[in-house]
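Structural features, examined
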Amino acid sequence: MALSARALKVGDTYEEQVVENLSRTRIVMYAGASGDYNPVHSDERFVTEAAGYPSVFAHGMLSMGLTGRMLTNYVGDGRLTEYGVRFTRQVWPGDNLTAVAEVTALREAGEEHFVDLDVTARNQNGETVVQGTASARIDP
Amino acid sequence: MGIEKFPVESSHIMMFARAVGDTNPVYYDDEYASGTEPGAIIAPPTFVQASAQFDPDYFLRPKEGHSWFGSGREATSVKKSGGGGGGGGGGGLHAEQRYTYHRHPKVGDVLRAEVKPGKKWEKEGKRGGTLSFSETVTEYYDQDGELVVTAIGVGVVTGKVVEQ
């Protein structure tokens, strides 16, 4: 399951579509699970009439969580040591998101091996919605 | 500021994993999880954000005896609305989030969160006028006092609504 330093090289990529046709219901599921009930994410009337947005939109943390699924599928359970992103663009109902990890470095610290990754998620128009980095402990 | 008790519970992890579309059984099947390297149901990477559920004063949850700014009979219960709060702390939209995992939380952990203000800075935005950024650092400790996850959130308050 876990990655091996021997089998990796800088420039390797791993990609997954992490959501297709994002539903308002999934955004509500995320609100319920995370506890962030900000009505900009679930209340169409509030967000269009009072807050001035064209529709509800996803929590940034939902985009990060969806992207995190690609990462843990790639590096294995419990192997992430760092994960950070900037939210560069809002994610709207109906969006498709594809998340990509690219190997930027392989390093050793003490007896342990690590991989550093660039992490990006893009929508169906190729626009970046989440951009960041991650690191994971890997096998030798 | 902070959260005194954040019990890491299996049904909460299952619901959170479902919300982020993650069907990995390490997040809901304890028999399967016992055979994996972590050895138990662990939390997905962004799960500690759900500690908001255990913050009695969390401002983005309707509370008894307080009006809520979302719609009811009217589009909002407040006269003038901002852009809404963000998970990054300090209000506004969530601009950035970073985690360092000292280990991954697992079912049965009872975490405690210490919240500290971080850096603040301003920037001229291309689409949003003046952007005011503020950082919040949250440290999650386990029942033995060991640091489990360090979370840094950055919130941004924009001068006007950000258009697509």
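Here the structure is shown first, and the text comes after it.
Sequence positions are assigned chain by chain, starting from 1 and proceeding in written order. For this description, chains carry letters from A and ligands carry numbers from 1, given in the order in which they are written. With pLDDT at 70 or above as the cut-off, local features in this predicted model cover only qualifying residues; side-chain atom pairs require 80 or more to be listed or tallied, and sums for whole chains, interfaces and linings still use all residues.

1. Let's talk about the overall build of chain B
Within chain B one finds two helices and five strands. Helices and strands in chain B line up, N terminus first, as β-α-α-β-β-β-β. Partly exposed residues are those falling between the two cut-offs: more than 12 but fewer than 20 other C-beta atoms within 10 Å of their own, whereas 20 or more means buried and 12 or fewer means exposed, with C-beta atoms placed from the backbone. Each of the 164 residues in chain B was classed as buried or not, and the buried ones make up 38%. A sequence separation of at least 24 residues applies to 64% of the contacts in chain B between residues at least 6 apart. Comment: elements are numbered from the N terminus, with helices defined as DSSP H or I runs of at least four residues and strands as E runs of at least two. By the criterion used throughout, residues are in contact when their C-beta atoms, derived from the backbone, lie within 7 Å.

2. Some points on the nonpolar core
The biggest cluster of nonpolar side chains holds 75 residues, and the ones touching the most others in it are L71, L97 and A134 of chain A together with F16 of chain B. With eight residues, helix 3 (residues 60-75) of chain A is the single largest residue contributor to this core. In contact with L97 of chain A, not counting residues within four places along its chain, are V18, V19, S63, L66, V91, A121, N123 and V129 of chain A. Here, a nonpolar core means buried Ala, Val, Leu, Ile, Met, Phe, Trp, Tyr and Cys residues linked by C-beta atoms lying within 7 Å of one another.

3. Focus: the interface of chain A and chain B
Tallying the contact residues gives 44 residues for chain A and 45 residues for chain B. Every element with two or more residues in the side of chain A that touches chain B is listed here: strand 1 (13-19), helix 1 (24-34), helix 2 (44-50), helix 3 and strand 2 (80-87) of chain A. Element by element, the count of residues in the side of chain A that touches chain B is highest for helix 3 of chain A, at ten residues. In this count, Pro and Cys sit with the nonpolar residues alongside Ala, Val, Leu, Ile, Met, Phe, Trp and Tyr, while Asp, Glu, Lys and Arg are called charged and the others, Gly among them, polar. Here the side of chain A that touches chain B is composed, by residue class, of 22 nonpolar, 13 polar and nine charged.

4. Focus: the pairing of strand 4 (residues 112-122) of chain A
All names here are of chain A. The criterion for strand pairing is that DSSP finds at least two bridges linking the strands in question. Note that strand 3 (residues 97-109) and strand 4 share eleven bridges and pair antiparallel. Bridge pairing in strand 4 places A99 opposite A121. Here strand 4 runs beside strand 5 (residues 128-138); their pairing, made up of ten bridges, is antiparallel. Pairing of V119 across the sheet is with G132, part of strand 5. Connecting strand 4 to the antiparallel partner strand 5 that follows it, the hairpin turn spans five residues, and G126 within it adopts a positive phi of roughly 80°.

Limitation: the analysis is restricted to geometry and does not speak to function.
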